[in-house]
Amino acid sequence: TEDRALTKYALMAAEKGLHVHMDKPGGISDEEFDKLVDTVSEKHLVFHTGYIYRYNPAVLQLKEDINNGKLGDIISVEAQMNCKHSQSKREWLGNYPGGMLYFLGCHMVDVVYSIMGEPLEVIPLSCSSGVGETKAEDFGMAAFKYRNGVSIAKSTAIEHGGFERRQVVVVGTKGTVEICPLEWADFSYKNIYC
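The next thing to look at is the packing of aromatic side chains. Under the criterion given, the structure shown has 5 aromatic pairs. Considering the side-chain rings of Y96 and Y102, the 5.0 Å spacing of their centres and the 5° angle between planes classify their relative orientation as stacked. Judged by relative accessible area, which is 4%, Y96 ranks as buried. A residue is classified by how much of its surface remains accessible, and Y102, at 10% relative accessible area, is buried. Ring pairing ties together the aromatic residues W92, Y96, Y102 and F103, which thus form one cluster.

Among the nonpolar cores identified, the biggest contains 32 residues, and L62, V77, I115 and V170 are the most heavily contacted of them. Broken down by secondary-structure element, the contributors of at least two residues to this core are α3 (57–67), β3 (74–80), α5 (100–116), β5 (139–146), β7 (167–172) and β8 (175–179). For this core, the element with the highest residue contribution is α5, accounting for 9 residues. Once residues within four sequence positions are removed from consideration, V77 is found in contact with V112, I115, M116, S151, I152, V168, V169 and V170. Grouped together as the second largest cluster of nonpolar side chains are 10 residues, L6, L11, V40 and L45 included.

Here the focus is the pairing of β7. Of all 6 residues that make up β7, 5 are buried, and the element is covered over most of its length. Both β7 and β8 contribute to a ladder of 4 bridges, which runs antiparallel. Paired with V170 across the bridge in β8 is V177. The turn joining β7 and β8, which pair antiparallel and follow one another in sequence, is formed by 2 residues.

With that settled, consider the layout of surface pockets. Size it by volume and the largest pocket reaches roughly 440 Å³. What lines the largest pocket is a set of 17 residues, and nearest its centre among them are L101, C106, V109, Y113 and F144. Contributions of two or more residues to the lining of the largest pocket are made by α5, β4 (121–124) and β5. If one sorts the elements of the lining of the largest pocket by residue count, α5 sits on top with 6 residues. A class-by-class count of the residues in the lining of the largest pocket yields 13 nonpolar, 2 polar and 2 charged.

Attention shifts here to the environment of P124. On the secondary structure map, P124 appears in strand β4. Note: C-alpha distance between P124 and A153 (29 residues apart in sequence) is 9.8 Å.

The subject of this paragraph is the side chain of S76. The residue S76 is located in strand β3 in this model. Exposure remark for S76: the relative accessible area of 8% places this residue in the buried category. Look past the residues within four positions of S76 in its chain and what remains in contact with it is V150, S151, V169, V170 and V171.

Taken as a whole and assessed by the stated rule, the structure comprises 5 salt bridges. For R54, the salt bridge is made with D110, and the minimal N-O distance between the two is 2.7 Å. On the criterion of sequence distance, the pair formed by R54 in the loop between β2 (47–50) and α3 and D110 in helix α5 is long-range, its members being 56 residues apart. The class of D110 is buried, set by a relative accessible area of 13%. Residues joined in a network through salt bridges with shared partners are K154, E159 and R165.

What counts, and at which threshold
Residues numbered from 1 in each chain as written. Predicted model: local features only at pLDDT ≥ 70, side-chain atom pairs only at ≥ 80, totals over all residues. Heavy atoms only, no water. Phe/Tyr/Trp six-rings, centres within 6.5 Å; stacked < 30°, edge-to-face > 60°. Buried < 20%, exposed > 50% of the residue type's maximum accessible area, 1.4 Å probe, protein only. Core = buried A, V, L, I, M, F, W, Y, C linked by side-chain atoms within 4.5 Å. Helix = DSSP H or I, 4+ residues; strand = E, 2+ residues; numbered from the N terminus. Contact = heavy atoms within 4.5 Å. Pairing = 2+ DSSP bridges. 1 Å grid on protein atoms, 1.4 Å probe; cavity = no way out; pocket = protein on both sides within 12 Å on 5 of 7 lines; lining within 4 Å. Points joined across faces, edges and corners; volume = space filled by probe spheres on them. Nonpolar A, V, L, I, M, F, W, Y, C, P; charged D, E, K, R; others polar. Salt bridge = Lys/Arg side-chain N within 4 Å of Asp/Glu carboxyl O.

Set out below in structure tokens:
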């Protein structure tokens, strides 16, 4: 279904007692999503969201290295998921608050949160590139302020070569790791330990 109807249909399934796998993100309305979460909890149903990098082998290896202390204390995460979309697709992004950050950047927000936890402050930086007179937010970005640093999630729909430059960089007190590109099965896990 269209992204804006995901929560509606997931809630309908949950109300009938069905387990739910729902594409990301949790919808446009916080109230609808909260109702969905309450319903699956009350009915003891499985609820799963489709954040693609949660099961990525390189991301799993990175999290294992973090948990084992190989990178020391984590200072920042820089996560990007970029692409090049047509004018009409970029205009379509105007249907969603946050545009590109809502549509694909949510995967990067998920990576940042899974490593860093909940931030002290979120600073939205999304905008329209104006390329082709686009009014929609086709350049999505947010900064997440933590006690020990700042992390970012970025997603653009206007980057030539963006598919190949999808990446996660994690900086720790004992080393830095880069995963680039994220989607390839034979992943590149670059350890830059200092």
